[in-house]
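These are the residues of each chain, in order.
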Amino acid sequence: MFKEYYGLSKNPFDKQSLSVKDAFPSKDHKEMTGRLSFLNEKRGIGVFTSAPGFGKTFALRCFAKTLDRNLNEFAYVCLSTVSTMEFYRLFCAALGIDAAGRKPAMFRAIQDRLYHLFKEKKKPFLLLVDEAHELSDVILKDLKMIMNHDFDSVNCFTLVLAGEPHLNRTLEKAVHEALRQRIVIHYGFSGLSDSETEQYLLHKLRVAGAAESILGEGAVAAAIGYARGCPRLLDNLMNEALMLGAQLEKPTLDTDTIMAAANSLAFA
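Below, the structure is looked at part by part. In this text the structure is predicted, and so the values were computed from the model without any measurement.

### Quick word on the overall build of the protein
Move 1: For the protein, the count of helices and strands is 12 helices and 5 strands.
Move 2: Along the three orthogonal principal directions, the C-alpha set of the protein runs to about 65 × 40 × 30 Å.
Move 3: In the protein, buried positions account for 49% of the 268 residues.
Move 4: Counting 33 positive and 32 negative side-chain charges, the protein places the centres of these two groups 8 Å from one another.

What follows is the structure in structure tokens.
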């Protein structure tokens, strides 16, 4: 209903309608995609962390869109809690190899395939692991061993671990010292600044064909106070505010509308 009322071509705050070409270039987004590009050239391990809803997964999607399939082999894996054997099967599936036998057989098959892609096909593999804070200590130790090729003289593939901040605490354990030394890139999201939050809102409204006048005086400040730099919270707030504004026939979203939307979400 609010799309028609505000003359929007789409819901600007619905992640399902968010295209890569319309990504807002926040500091975090630019830092992550830029570092991913560097990491893909250098190979090794990259670790990216943030609280939920800050845009890690979208940044991974944007980066993946830039990869040339003729030059890169890559796979995206989103984890829930998995056992060691389940992870090995996921890794085999990502590489397109048979996930048969016990762990040692899959380990050798994975290493052989990674080396083949690197040495023979000249297409180093890139594994993007989302929700990586779910990885167990055993899996992380095995990943370190999988990366050991030719007496640890070459990096055959790139591993990206994206997850919540407690992934950092896991990696700080003494048992992961060898893995930690292989980390080439380590970046933690800081969230949208106040000025970026305003730019983010205006950018999304423009992309959907809305006039900037939709946001009234004080509305941005109210949104900043609610979202605290988190894009997902901001999207949820503005989606609710647009629905309320249309219901109340308000051509401009004012502070009261934003606060009412925040209250509505608090009791949802």
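### Here we look at the packing of aromatic side chains
Move 1: Within the structure shown, the criterion is met by 6 aromatic pairs.
Move 2: On the basis of an interplanar angle of 90° and a centroid distance of 4.8 Å, the ring pair of Tyr-5 and Tyr-6 is categorised as edge-to-face.
Move 3: Judged by relative accessible area, Tyr-6 falls into the buried class, the value being 10%.
Move 4: Within the aromatic cluster, the residues linked to one another by ring pairs are Phe-87, Phe-91, Phe-125 and Phe-157.
Move 5: Between Arg-69 and the ring centre of Phe-74, over which it is positioned, the NZ or CZ distance is 4.0 Å.

### Considering the pattern of salt bridges
Move 1: One pass over the structure, following the stated rule, counts 10 salt bridges.
Move 2: A salt bridge links Arg-180 to Glu-177; the shortest N-O distance between them is 2.2 Å. With Arg-180 and Glu-177 both in helix H8 (residues 177-180) and 3 residues apart, this pair spans about one turn of that helix.
Move 3: For Arg-180, a relative accessible area of 27% translates into the label partly exposed.
Move 4: You can call Glu-177 partly exposed: its relative accessible area is 34%.
Move 5: Connected through salt bridges with shared partners, the residues Lys-10, Lys-21 and Asp-22 form a single ionic network.

### Some remarks on the packing of helix H10 (residues 219-227) against helix H11 (residues 231-247)
Move 1: Contact geometry for H10 and H11: axes closest at 9 Å, N-to-C directions at 130°. For the element pair H10 / H11, the angle class is oblique. When you trace H10 past H11, the crossing you get is right-handed. Two secondary-structure elements touch here, H10 through Ala-223, Tyr-226 and Ala-227 and H11 through Leu-233, Leu-234 and Leu-237.
Move 2: When grouped by side-chain class, the residues that make up the contact of H10 with H11 number 6 nonpolar, no polar and no charged.

### Regarding the nonpolar core
Move 1: Counting residues in hydrophobic clusters, the biggest one holds 33 residues, and the most contacted among them are Phe-91, Phe-125, Leu-135 and Leu-161.
Move 2: Breaking this core down by element, the ones donating at least two residues are strand E1 (44-49), strand E2 (73-78), helix H4 (84-95), helix H5 (103-119), strand E3 (125-130), helix H6 (137-146), strand E4 (157-163) and helix H7 (166-171).
Move 3: Residues in contact with Phe-125, not counting those within four places in the same chain, are Glu-73, Phe-74, Ala-75, Phe-91, Ala-94, Leu-95, Leu-114, Leu-117, Cys-156, Phe-157 and Thr-158.
Move 4: Counting 31 residues, the second largest nonpolar core, distinct from the first, contains Phe-2, Leu-8, Leu-253 and Ile-258.

### Quick notes on the pairing of E4
Move 1: The buried fraction of E4 amounts to 7 of the 7 residues, a majority that puts the element mostly inside the structure.
Move 2: Neither face of E4 is exposed, since Phe-157, Leu-159, Leu-161 and Gly-163 on one face and Thr-158, Val-160 and Ala-162 on the opposite face are all buried.
Move 3: The sheet contact formed by E1 and E4 spans 6 bridges and is parallel. Residue pairing for E4: Val-47 is matched across the bridge by Leu-161.
Move 4: Relative to E4, E3 runs parallel, the two sharing 6 bridges. Its bridge partner being in E4, Leu-127 is matched across the sheet by Leu-159.

### Let's talk about unusual backbone geometry
Move 1: In this structure, Glu-131 is a non-glycine residue whose phi angle is positive, near 60°.
Move 2: Mapped onto the elements of the fold, Glu-131 is located in the loop between E3 and H6.
Move 3: Of note, the phi angle at Arg-228 is positive, near 50°, even though the residue is not glycine.
Move 4: Position of Arg-228 relative to the elements: it lies in the loop between H10 and H11.

### Points about the state of the cysteines
Move 1: Under the criterion given, the structure shown has 0 disulfides.
Move 2: Cys-92 takes part in no disulfide bond, and the closest cysteine sulfur, belonging to Cys-156, lies 16 Å away.
Move 3: A relative accessible area of 0% means that Cys-92 is categorised as buried.

The rules we used
Residues numbered from 1 in each chain as written. Predicted model: local features only at pLDDT ≥ 70, side-chain atom pairs only at ≥ 80, totals over all residues. Heavy atoms only, no water. Helix = DSSP H or I, 4+ residues; strand = E, 2+ residues; numbered from the N terminus. Buried < 20%, exposed > 50% of the residue type's maximum accessible area, 1.4 Å probe, protein only. Lys, Arg positive; Asp, Glu negative; His and termini not counted. Charge placed at Lys NZ, Arg CZ, Asp CG, Glu CD. Phe/Tyr/Trp six-rings, centres within 6.5 Å; stacked < 30°, edge-to-face > 60°. Lys NZ or Arg CZ within 6 Å of the ring centre and 35° of its normal. Salt bridge = Lys/Arg side-chain N within 4 Å of Asp/Glu carboxyl O. Axes fitted to C-alpha atoms, helices over the stretch in contact; angles between N-to-C directions. Parallel < 35°, antiparallel > 145°, perpendicular 65-115°, else oblique. Left-handed = near helix turned anticlockwise from the far one by under 90°. Contact = heavy atoms within 4.5 Å. Nonpolar A, V, L, I, M, F, W, Y, C, P; charged D, E, K, R; others polar. Core = buried A, V, L, I, M, F, W, Y, C linked by side-chain atoms within 4.5 Å. Pairing = 2+ DSSP bridges. Disulfide = S-S within 2.5 Å.

Keep in mind these numbers describe shape, not what the thing actually does.
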